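# Descriptive structure summary
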Amino acid sequence: MNRLIVLALCLGLCACGDYSTEDLRFLAAVPSRADLRVEVPQDAAASAGASAQVAACPTRAADTWLRAKPESDRLNSAVEFLLGLVDVVRREPPSWRQVDARGWGPFPDGRHPGRELRVTLLRQYPAGPEAPPTFAYAFDARVSGGGAWTTVLAGSFEGASASLGKGTLGLDFDALWTLGMADAGTPRGRMGVEYDRSAEPVRIGLLLDQDGFGLAQFGYRFEGYADRSGTFTYAFRNAQGDLLVATASFDAAAAGRAAVGFRTVAGVTGGFRECWDPAACLVYVDDPAAFSCGGAWPCSLGDVSACPAVPSPPF
């Protein structure tokens, strides 16, 4: 397996160039976009190519579920931002090498004149040399020409490769702002990512401690299976500014069920449950407060027996 991982990285890095086999083992610990991608099905209208299908639901469209795909797209954009920083180690071979360490830089930040970066990647064998290694890495920045380094991104990893192991990453947006390295759309606060690809289901968690990337402050979680079923916990605000938090489980055909909590702008809290078919039409709703249909009673419909079997059912 290690040989296959190294070969795949070798092919992806221009026939290895100045990367040694050991360099590639270090790079295998750094996640790629595919490793951290949240895979939520397209909504029924998009996947079927017929928006009228949802509009013609015999009951109502599963509006909460139809928000899952846009929210997952925003999560993937946030990960793209993070990995745009990480990719620097794939563009150039290490500047220095030790037996269990690699380093890049210092080098100028091409997008932010007057700033420079360095990257350090360390390997350890806490369970012995025959066991899988652990890795820790840090991306530091400073004003060019000297001064203290500030860590803007740090991560850890355990396993043979990011595609088959587990790890964490943390990005400090406030540090980017302090260093004058923030771009248009860079949020404030911090973002943390936790992932585990060592077994099925794949698990990915992303925490934003402030709003950013069009996402609400929240701890988002995703579990995905090989058959494309899964569970997604996400938050969003509706047109009235109310906050909704949903845990939606879906099968391979995109039918599913969700438990949803809400807090209105006036501070009223509550919740409801619902299920939908592959066309994103509701087949069951338990909403005694009629929140999901704007206060129009009766809001609840169907029987729970109509709900599909899904992984990790939220109710």
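Scope of this entry: the structure provided in the associated data block. (Residues numbered from 1 in each chain as written. Predicted model: local features only at pLDDT ≥ 70, side-chain atom pairs only at ≥ 80, totals over all residues. Heavy atoms only, no water.)

Judged by nonpolar contacts, the single largest core of 75 residues is most densely connected at Trp65, Leu82, Phe139 and Phe232. Of all the elements, helix α6 (residues 68-86) adds the most residues to this core, at seven residues. Those residues in contact with Phe232 that lie beyond four places of it in its chain are Val38, Val40, Ala68, Glu71, Ser72, Leu75, Arg221, Phe222, Ala246, Thr247, Ala248 and Phe250. (Core = buried A, V, L, I, M, F, W, Y, C linked by side-chain atoms within 4.5 Å. Buried < 20%, exposed > 50% of the residue type's maximum accessible area, 1.4 Å probe, protein only. Helix = DSSP H or I, 4+ residues; strand = E, 2+ residues; numbered from the N terminus. Contact = heavy atoms within 4.5 Å.)

Below, the discussion takes up the pairing of strand β10 (residues 230-237). The buried fraction of β10 is high, at seven of eight residues. Note: strand β9 (residues 218-224) against β10, four bridges, orientation antiparallel. Across the sheet, residue Arg221 finds its bridge partner in β10, namely Thr233. Here β9 folds back onto β10 in antiparallel fashion, the turn holding five residues, of which Arg228 has a positive phi close to 80°. Of the pairings in the sheet, the one linking β10 to strand β11 (residues 243-250) comprises eight bridges and is antiparallel in character. Looking across to β11, one finds that Thr231 is bridged to Ser249. (Pairing = 2+ DSSP bridges.)

Turning next to the environment of Thr231. As for its placement among the helices and strands, Thr231 is situated in strand β10. Thr231 sits 146 residues away from Leu85 along the chain, and the two C-alpha atoms are 28 Å apart. Ignoring anything within four residues of it in the chain, the contact list for Thr231 reads Arg221, Phe222, Glu223, Thr247, Ala248, Ser249, Phe250, Pro311 and Ser312. Only 2.7 Å separates the side chain of Thr231 from the side chain of Ser249, close enough to count as a polar contact. In terms of polar contacts, Thr231 uses its side chain to reach the backbone carbonyl oxygen of Pro311, at 3.3 Å. (Polar contact = N/O pair within 3.5 Å; in protein donor to acceptor, adjacent residues only side chain to side chain.)

Right, let's talk about the state of the cysteines for a bit. As enumerated under the stated definition, the model contains three disulfides in all. Across the disulfide from Cys275 sits Cys307; the S-S distance is 1.9 Å. Its S-S torsion of approximately 85° makes the covalent link between Cys275 and Cys307 right-handed. In this pair, Cys275 sits in strand β13 (residues 269-276) while Cys307 sits in the segment after β15 (301-302), placing the two residues 32 residues apart along the sequence. Of the two residues examined, Cys275 and Cys307, each falls in the buried class. The disulfide that involves Cys293 links it to Cys299, with 2.1 Å between the sulfurs. (Disulfide = S-S within 2.5 Å.)

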